Amino acid sequence: MSGSIPFYQKHHRHYDRGYRSRETESAISQYQQNSSSYSSRSSKSTQGIRAATYTALDEGGISPLPKRAKPTYLAMDKENQIIGYVVPIFRGSREFESGLSDTEEARAKESAGYLARRDLFTSGVKLERTEHKSRRTVMRESAERISLSKRIHENEEYHKRLNEDSLMHTPEFVIKPRSHTVWEKQCVRLHCTITGWPEPRVVWYKNNVSIDPMAHPGKYKLESSYNVHSLEINRCDFDDTAQYRVSAMNSKGENAAYASVVVKRFKGELDEYLPTPRQQSRRFGCEVPCLEYGVTFETHIVEKFGVAFGREGETLSFGCNVIIYPSLQRFQPEIEWYRDDKLLVPSKWMQTHWSGDRATLTLTHLNKEDEGLYTLRVITKSGFETHSAYVFVRDCDGEVAGAPGAPLDVQCQEANKDYVIVTWKQPAVDGGSPILGYFVDRCEVGTTHWAQCNDTPVKFARFPVTGLVEGRSYTFRVRAVNKAGMSHPSRVSEPVAAMDPADRARKGTSAPWTGQIIVTEEEPVEGVVPGRPCDLSVIEATKNYVVLSWKPPGEKGHEGVMYYVEKCVSGTDSWQRVNTEIPVKSPRFALFDLAEGKSYCFRVRCCNSAGVGEPSEPTEATTVGDKLDIPSAPGRVVPTRNTDTSVVVSWEASRDAKELVGYYIETSVAGSNAWEPCNNKPVKGTRFICHGLTTGETYVFRVRAVNAAGISDFSQESEAIEVKAAIGGGIPHGVCLESVGIGVALTQHSSCGVGRHVASHSSAGAPLTRLANGIERAEGGGQVGHPPTLNEGKQCKRGNVGPPEPTNKQEPEIAKPAENCSAESCTPDCIETEPETGSADNRKCSLNSSVEPEKAEEHGRGRRGSASPAPPYGITVLESVRDSMVLAWKQPTFIGGADITGYFIDYREVIGGVPGKWHEANIKSISERAYRVSDLKENMLYQFQVRAANMAGVGIPSQPSEVFRCEEWTIAVPGPPHDLQIQEVRKDALVLLWKPPVYQGRDAVNGYYVDIKETDADFEMWRGVNEKATDKKYMKIKDLKEGESYVFRVRAQNKAGVGKASETTEPVKAVTKPGTSEIVVEVDDDGVISLNFQCSELTPDSKFIWSKNYEEMSDSDRMTLETKGNKSKAIFKTPSEEDLGIYSCVVTHTDGVSASYTITEEGLKDLLKISHEHKFPIIPLKSELAVELLEKGRVRFWLHAEKMSANGKVEYVFNDNMISQGEKYKMNFDKNTGIIEMFMETLSKDDEGTFTFQLQDGKATNQSSLVLIGDVFKQLQKESEFQRKEWHRKQGPHFVEYLSYEVTPECCVRLKCKVGNMKKDSVALWYKDGREIKVNEKLDFSEGVLTLEIAQISKKDAGVYEVVVKDDRGKDTSTLNLTDQGFKDLMNQVFSVIANSSTPLKIQSTEEGIRLYTFVSYYNDELHVTWHHKDAAIAFTDRIKSGVVGEQLWLQISEPTEKDKGKYAIEFFDGKGGLRRTVELAGQAFDDAFAEFQRLKSAAIAERNRARVAGGLPDVVTIQEGKALNLTCNISGDPVPEVTWLKNEREMVSDDHYILKFESGKFASFTITSVNTSDSGKYSILVKNKYGTESGDFTVSVFMPDEEKVSSSQTKKK
């Protein structure tokens, strides 16, 4: 009977093979323990106990019950045909309560009783004779006891094997757990009794979450003993109030019972005036909740996790430290983790941990499903704090190179009794070749066997899996495949049970469930034929399958129903049953193997044991084909800077995309075309941050969309962008630009007089980090402490408003953003200027107080030798909001002989054209030429003036600026760039630098345009330098005309367009000044690489300022800067690819002395090579140590060095041992040529190792080694031995070229070989399969070529061919194997020649249809040819046939239709790529061929049906006068032809003399009743119908009887 148990149940972890044996052993052990405990008591008590034991055994007996026959239920239709089966009703018996049959249980009880009695007796004797009992007796009794237990065990095993199946049944609850209500801190115990075979696995759940005692030490205690299972909960609290479920499961099914636990709190413990405490989460094992009355918590998340990268299969752990103030003992915050805004719960894939001050999340086995944005939320009574970062999961290495990545997110939908739909998402990585499709695998829960569900790969990311066993649970996985191979399988899906959805909803969520559905026993009722299914519809249709859905009938009786599905081609009434063998149980069904493009209708019938019901209403006609299209490619991709290692990529969504899953983003280093995925999990938005990029590298991006139908084409590549941190933070009120490192920053004025330094950024909410000197700087990371944010307490409303304009005509003209302003600009006539206030003196004090004390003396000297600077000029507005404006100005033309240390800004209101008093905008000087003046009034007019300061003092103010209105700028395009600078002026080129606009517009700036014009040219002469926007903030402008003066300006652009141009630069003349020097690269003797720049115009205050990519740099880990006199040097420490870029040097306090040098990748390689040569001088080698074989297998080691001096020497080393000239080694060193040689006659096993030639010539050294070990040495040794044998072989006749074959253009196979060293006595013999072949031709060794031709090769020519050449000097043999694969390769070459000889496909019309044909030079029956139509193989039918006639291969299309249009091809298979001939049967070609076919068809029909005279008429009839003449002929034609008789070309009429008849449409008769001489003449019959006319002629000659005699006598005389 054991053979009937499925294999997966035998090895199931819940299937206990030793169940009954352990039950018996447990009973025996119990009795033995009882007996040993009684041994210390008196004999009287022992006897009482023994009597009680006997009574218990007697009462415990179970009488056997008669066995019932197992009924079989079959479903039959009205004709008594078996159509299916009905689930048999389970009938229980008392055997299943204990797991033993009646006889087996009685035997076990009897054995146990015997052991108990014997033990009790032995215990009584011990009291009297303990001292006399020997060790031998104890050992004998123990051995007997063990022997008896073994026999009982073997007997029970034997009986169990005899009747194994009858014991198996689903778990049953004999006693169910009951609900409890307890007080807090009390313990509660839930217990139940469960029976079942195999022994069930019991799992306890709390609110449908399995209970793990190890995760909560001391909290839960699980016990199982003798089918009694219990759960004990220690020290209950409020969190233990829940519904508890105990689930028992084995291979026969699952059962569950429920109990509730309610924990109540004693009210006297709390102050009744306090509010109700908030419930705390026990997610991380908090034992006692903390009360939070009257406490306000401050939560800080520190040591935050950042963006993380992992690989599939790895374990990743990350977390944050959490500081909560005030710190309360036993306080537990709620810790929640989210991924992509979805709350995470602990599982086998994800674990959470809370240590009291740190929250950690561990992903135990990374899959691409784990990729996403992870968020930690810490919740207290006072609120919550969050932190988020992205986790990227990359594909693991494939088992096959080029294989695609694994699919992801496998889910099961619409699960039913025997059917489920599996969905997944396509991987981002296809391995370099398109994915051909996907394979879906399933695995039954409890087993490890995976079965493939589809035979051919499916391209749609959704597949219906049928054929599931009702009541069993399954998991699924998906694998992708391309031409390179198969991917790793995806993460398995969640288990899903094959059961009715109504049953699943009734059972609720439970643990993974397997087994069979238990049908309770009911009274048999009379069967009812089920009614019609309703609401039948096609819910999904692809070119691979169609899914039907319907609702069960209302009339279906008391038993379940099953279904038959039928189909028919649309337009016909021929219904065909699809599932002919077994009906389906689910109201879902997937149909495969439907013809793509055809239309079908479907209907469903119900059936049960009573019969098959009427069919449902058929569906509408459904055409087989994909209804979901692959999405279109996304639109324009725009990258923007984010951080030093990330870029924000945005794109336009795919148009008209249906059921869009998301997008994949890929990136590539510009120019490399090596694309890498940025995300391995589709993102649904149109904006994504790509992390993990290299700082300073330039990247391009592209995007493609994904849905279930597939992956779209790639979008257009984005513009290249350099990975570089964006300018952080928004622009706060009263901010001025100043240079900080590589970015642009702003200094904000505050009422306390302390500047705030904030990095410029398009966002207005970047946090700030306080610096030690009181200056605040925006950073891209998180915030520390409680820093203020930009635009605190203020919001900017942006509408579709253009640049500011004057509000009325009486007011002064208001300047537009960044309007031009020069140093000579005067105050408008309508504005009165006021004398200066004492602000300059105050600022001087402020300036002086800011100077460091140790530099005061130096400053004083500077003042004595310097003057205050001239006023700045060109004041413009870079940005304007409601209450602040950003100003910019140009540096004074004269700085006073000392560096400018700062600027001071004043502003005044202009009301009604009357200016007010000047007010100070900043107390502390600012170093940059841009500043935000805050605390202004909206829509108010203002004027500004700027003063410059140096060590000599504060200069005079600039001319008042134009009048500007303080109002919100809402234009979409960015503002003007500012601070344009010119460097490296040469006669034909210069470098222009600028800073980005403060006002970004609606979107971030993504490029710049540079304009140029001659200084004296008109405004219309502005022209662009670059056609494509540059993302850099510098540009080298070339092709200038020497001596010409130019001005420049810059415009910024964003998504909205190009903004306003910057202020123009000062005129600059394109000349190379005398004494101009360039940066020179040097490599010293120690190999140190440096950049050197010398200035001849140096002044005492001049400084060398070095920049990389025009961003100032100082001493760093990469370079060291040294300046001595008028020379400066930038020394590279460890040159590498990180040092690539443009290096420039500017000398201050000169007339623009500057230069630059670009280090490219190739240039760096050359420099590193030179550096290495200087560090380590070597003897150059023309060639490294090599080995070659000479004649007779001699081995030559040689090396070619450059010419060496007479002092040069060489040492020969083998395996670190010096070797010298001797019998084994022969050395030669030619110092003139530099060739070093060593010879060996043979190679032995001891010669395996490393050979080294060490060269030395003075200081220079070099060496070259050759490793000959392993396979390399064996190959060389083998080749040496082979060469030695070859030398001996070639002493006699031998093969110069061994036997091979070639195929001639005539498809004749020619075997050939080339021989050498032949003489007249030499002979050559051919063999096939050991038998000699007689060659007709005489052997000719003059050319040394032997040939054997095989014409019209076939399978019989397969075999092993051999040629032997020999004479008295020896012999040589050459063999060619033309069997199996060798013969296949030969035939493939023959087929290739045949294919190449084929003529182009031609079209020929016939009366049957259209014929396509080609000719080959020779046809072989083994040739494999495939005809294709529209790139699909043609399935031949009676209408479409193919064949071969001679050397013509043809395809006949009978009665062609419009569907036969398209591209046809014939493909010849040659084992490789094959050859395809194509012809386009469409358009005019099809029309011409079809017209010719119609013509030929009509002509054939006409020829076949035209009127004909079939025969029967003679040419001449000679008849005697008076006789009767009767002639008959056959007539054919359709329609029946008209018959006309003619005599001498005149129509005849039937009368008594001429009787003309036409009978049955076939027979025409001609009768002359009595012939006379007048009847002589020419007669004709004319037949005619619509297809043609035909005539038959005969001549009638009438003679007299006498004439006949005369003529006969004359004939005799002759």
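Owing to the predicted nature of the structure, the values given are computational and were not obtained by experimental measurement.

Engineer: Give me the overall build of the protein chain: which residues, what numbers.
Structural biologist: The helix and strand inventory of the protein chain stands at 14 helices and 106 strands. A total of 1614 residues make up the protein chain; the buried ones form 44% of that total. Long-range pairs, those at least 24 residues apart, make up 66% of the contacts in the protein chain between residues at least 6 apart in sequence. Roughly 84800 Å² of accessible area belongs to the protein chain as shown, and the carbon and sulfur atoms make up 49% of that amount.

Engineer: Quick rundown of the side chain of glutamine 332? Include the residues and the values.
Structural biologist: Within the secondary structure, glutamine 332 is located in the loop between β14 (316-325) and β15 (334-339). With relative accessibility at 6%, the residue glutamine 332 sits in the buried group. Within the structure, the side chain of glutamine 332 is placed 3.1 Å from the side chain of tryptophan 354, a separation counted as a polar contact.

Engineer: Can you lay out the environment of threonine 1595 for me, pointing to particular residues and giving the numbers?
Structural biologist: Inspection of the secondary structure puts threonine 1595 in strand β106 (residues 1588-1599). Take threonine 1595: its relative accessible area is 33%, and that puts it in the partly exposed class. Once the C-alpha coordinates of threonine 1595 and serine 1576 are considered, the two residues, 19 residues apart in sequence, prove to be 7.5 Å apart. Excluding residues within four positions of it along the chain, threonine 1595 makes contact with Asp1515, Val1516, Val1517 and Gly1577.

Engineer: Please give an account of the confidence of the model for the protein chain that cites residues and values.
Structural biologist: Summary statistics for the protein chain give a mean pLDDT of 78 and a share of 77% for residues scoring 70 or more. Contacts from residues 728-865, a stretch scored under 50 in pLDDT, to residues over four places away or in other chains number 303 contacts.

Engineer: Tell me what's going on with the nonpolar core, and back it up with residues and numbers.
Structural biologist: Counting residues in hydrophobic clusters, the biggest one holds 46 residues, and the most contacted among them are Leu1299, Val1309, Leu1311, Leu1346, Ile1353, Ile1394 and Tyr1464. Of all the elements, helix α12 (residues 1381-1397) adds the most residues to this core, at 8 residues. In terms of nonpolar packing, the next biggest core, distinct from the first, is built from 28 residues, Ala415, Ile421, Ala461 and Ala708 among them.

Engineer: Requested: an account of helix α11 (residues 1270-1289), with residues and values cited.
Structural biologist: If you check α11, its first and last C-alpha atoms are 28 Å apart, about what 20 residues at 1.5 Å a residue would give, namely 28 Å. Every buried residue belonging to α11 is among Phe1273, Leu1276, Ser1280, Arg1284, Glu1286 and Arg1289, and all of these are buried. Looking at the buried side of α11, the elements it contacts are β75 (1181-1189), β76 (1195-1201), β82 (1260-1268), β83 (1294-1303) and β89 (1370-1378).

Engineer: Describe the sheet that holds strand β103 (residues 1554-1559), with residues and values.
Structural biologist: With antiparallel pairing, 4 strands are arranged side by side in an open sheet as β98-β100-β104-β103. One side of each edge strand has no neighbouring strand; the edge strands of this open sheet are β98 (1508-1511) and β103. Across the sheet, the axes of successive neighbouring strands diverge by a mean angle of 30 degrees, strand direction being ignored. Bridge count between strand β100 (residues 1525-1532) and strand β104 (residues 1563-1568): 6 bridges; the pairing is antiparallel. The residue of β104 that forms the bridge with asparagine 1526 is threonine 1567.

Engineer: Describe in detail the environment of methionine 1218, supporting the description with residues and values.
Structural biologist: When you line up the elements, methionine 1218 lands in strand β78 (residues 1217-1219). Here the alpha-carbon distance between methionine 1218 and threonine 1252, two residues 34 residues apart in the chain, equals 9.5 Å. Residues in contact with methionine 1218, not counting those within four places in the same chain, are Glu1211, Tyr1212 and Val1213.

Engineer: Summarise the packing of aromatic side chains; cite the residues concerned and give the values.
Structural biologist: Per the stated rule, a full pass over the model turns up 36 aromatic pairs. Taken together, the ring pairs in this structure connect Trp1541, Tyr1554, Phe1566, Tyr1579 and Phe1594 into an aromatic cluster. Its end group placed over the ring of tryptophan 450, arginine 477 keeps NZ or CZ at 4.3 Å from the ring centre. The positively charged end of arginine 1049 is found above the aromatic ring belonging to tryptophan 1022, 4.3 Å away from the centroid.

Engineer: So what's going on with the sheet that holds strand β33 (residues 588-592)? Residues and values would help.
Structural biologist: Strand order across the open sheet formed by 3 strands is β29-β30-β33, with antiparallel pairing between neighbours. Of all the strands in the sheet, just β29 (534-541) and β33 have a single pairing partner and so form its edges. Within this sheet the neighbouring strands show an average axis-to-axis angle of 25 degrees, counted without direction. In the sheet, β29 pairs with strand β30 (residues 545-551) via 5 bridges, with the strands oriented antiparallel. Bridging across to β30, glutamate 540 finds its partner in valine 547.

Engineer: A description of the pattern of salt bridges should follow, citing residues and the corresponding values.
Structural biologist: For the structure shown, the criterion picks out 61 salt bridges. Aspartate 397 is the salt-bridge partner of arginine 311, the closest N and O atoms lying 4.0 Å from each other. Placement of the pair is arginine 311 in strand β13 (residues 308-311) and aspartate 397 in the loop between β20 (383-394) and β21 (408-413), with a sequence separation of 86 residues. With a shortest N-O distance of 3.8 Å, lysine 890 and glutamate 1066 are connected by a salt bridge. Note that lysine 890 is positioned in strand β51 (residues 885-890) and glutamate 1066 in the loop between β65 (1057-1061) and β66 (1068-1069), a separation of 176 residues in sequence.

Engineer: Please give an account of unusual backbone geometry that cites residues and values.
Structural biologist: Following tryptophan 197, the chain continues into proline 198 via a peptide bond in cis, with omega recorded as 0 degrees. Note the cis peptide between tyrosine 325 and proline 326, where omega equals 0 degrees. Here proline 326 is to be found in the loop between β14 and β15. Positive phi, close to 45 degrees, is recorded for glutamate 303, a residue that is not glycine. With respect to the element layout, glutamate 303 can be found in the loop between β12 (298-302) and β13.

Engineer: An account of α12 is requested, with residue identities and associated values reported.
Structural biologist: Structural remark: α-helix, 3.6 residues per turn; residues separated by three or four positions point the same way. For α12, which comprises 17 residues, the first-to-last C-alpha distance of 24 Å matches the rise-based estimate of 24 Å (1.5 Å per residue) to within 8%. Every buried residue of α12 is accounted for by Phe1383, Leu1386, Met1387, Asn1388, Val1390, Phe1391, Val1393, Ile1394 and Ala1395. Where the residues of α12 are buried, they touch β83, β84 (1309-1316), β89, β96 (1462-1468) and β97 (1475-1481).

Engineer: Before we move on, can you summarise the pairing of strand β61 (residues 1007-1014) with the specific residues and values?
Structural biologist: Burial of β61 is extensive: 8 of the 8 residues sit out of reach of the surface. Residue alternation in β61 divides its side chains into two sets, Gly1007, Tyr1009, Asp1011 and Lys1013 and Tyr1008, Val1010, Ile1012 and Glu1014, and both sets are buried. Where β61 lies against strand β64 (residues 1045-1054), 8 bridges are found, and the strand directions are antiparallel. Considered in β64, the bridge of aspartate 1011 is made with arginine 1049.

Engineer: How would you sum up a negative patch on the surface? Please name residues and give values.
Structural biologist: A cluster of acidic side chains, namely Glu697, Glu1137, Glu1161, Glu1162 and Asp1166, defines a negative patch on the protein surface. For glutamate 1137, the position within the fold is in the loop between β72 (1127-1132) and β73 (1141-1147). A relative accessible area of 58% means that glutamate 1137 is categorised as exposed.

Engineer: An account of the side chain of aspartate 1031 is needed here, citing residue identities and associated values.
Structural biologist: For aspartate 1031, the location among the structural elements is in the loop between β62 (1023-1024) and β63 (1034-1037). Buried within the structure, aspartate 1031 lacks any salt-bridge partner; its nearest side chain of opposite charge belongs to lysine 1032, at an N-O separation of 4.0 Å. Not counting residues within four places of it along the chain, the set of residues in contact with aspartate 1031 comprises Arg641, Ala720, Ile721, Glu722 and Gly1007.

Engineer: Pulling in residues and values, what's your account of the environment of threonine 475?
Structural biologist: Within the fold, threonine 475 resides in strand β26 (residues 473-482). Setting aside residues no more than four positions away along its own chain, threonine 475 makes contact with Asp441, Arg442, Cys443, Val445, Trp450, Ser493, Glu494 and Pro495.

Engineer: Which residues make up the pairing of strand β67 (residues 1080-1083), and what are the values?
Structural biologist: Consecutive side chains of a regular strand alternate in pointing toward one face of the sheet and then the other. Relative to strand β68 (residues 1089-1094), β67 runs antiparallel, the two sharing 4 bridges. Bridge assignment links glutamate 1082 to a residue of β68, and that residue is serine 1090. Counted along the chain from β67 to the antiparallel partner β68, the turn is 5 residues long, and its residue glycine 1087 has a positive phi close to 85 degrees.

Engineer: I'd like to hear about the state of the cysteines, residue by residue, with values.
Structural biologist: With the rule as written, the count across this model stands at 0 disulfides. Looking at the unpaired cysteine 1095, the closest cysteine sulfur is the one in cysteine 1145, lying at 8.6 Å. Its relative accessible area of 2% is what places cysteine 1095 among the buried residues.

Conventions and cut-offs
Each chain has its residues counted from 1, following the order in which its sequence is written. For a predicted model such as this one, the threshold for reporting local features is a pLDDT of at least 70, and the threshold for listing and counting side-chain atom pairs is 80 or more; totals across whole chains, interfaces and linings nevertheless cover every residue. Here the side-chain values reflect all heavy atoms present in the structure, with hydrogen atoms and water set aside. Only DSSP runs of H or I covering at least 4 residues are called helices, and only runs of E covering at least 2 are called strands; the numbering of each starts at the N terminus. Throughout this description, buried means an accessible area under 20% of the type-specific maximum (1.4 Å probe, protein chains only), exposed means over 50%, and partly exposed covers the range between. Whether two residues are in contact is decided by their heavy atoms, any of which lying within 4.5 Å being enough. Note on areas: Shrake-Rupley with a 1.4 Å probe; residue coverage comes only from the protein chains shown. Any pair of nitrogen or oxygen atoms within 3.5 Å is treated as a polar contact; in protein, a donor-acceptor pairing is required on top of that, and neighbouring residues in sequence qualify only through side-chain atoms on both sides. pLDDT: the predictor's confidence for each residue, scored from 0 to 100. We define the nonpolar core as a collection of buried residues of types Ala, Val, Leu, Ile, Met, Phe, Trp, Tyr and Cys that are connected through side-chain atoms lying within 4.5 Å of one another. In a helix, the anticipated span is given by 1.5 Å times the number of residues less one. What makes two strands pair is DSSP finding at least two bridges between them. All axes here are fitted lines through C-alpha atoms, helices being fitted over the stretch that makes contact, and every angle between N-to-C directions spans 0 to 180 degrees. Each pair of aromatic rings taken from Phe, Tyr and Trp, with Trp reduced to its six-membered ring, is defined by centres within 6.5 Å and is described as stacked if the planes are under 30 degrees apart, edge-to-face if over 60, and tilted in the remaining cases. Whether a charge sits over a ring comes down to the Lys NZ or Arg CZ being within 6 Å of the ring centre and within 35 degrees of the ring normal. In the sections that follow, a salt bridge refers to a side-chain nitrogen of Lys or Arg positioned within 4 Å of a carboxyl oxygen of Asp or Glu. What makes a patch is a set of residues exposed beyond 30% relative accessible area and free of salt bridges, joined within 9 Å when like-charged and within 5 Å when nonpolar (Val, Leu, Ile, Met, Phe, Trp, Tyr). Note on charges: Lys and Arg go in the positive column, Asp and Glu in the negative column, and His and the chain ends are not counted at all. By convention, charge coordinates are those of NZ in Lys, CZ in Arg, CG in Asp, or CD in Glu. Cysteine sulfur atoms are paired as a disulfide whenever they fall within 2.5 Å.

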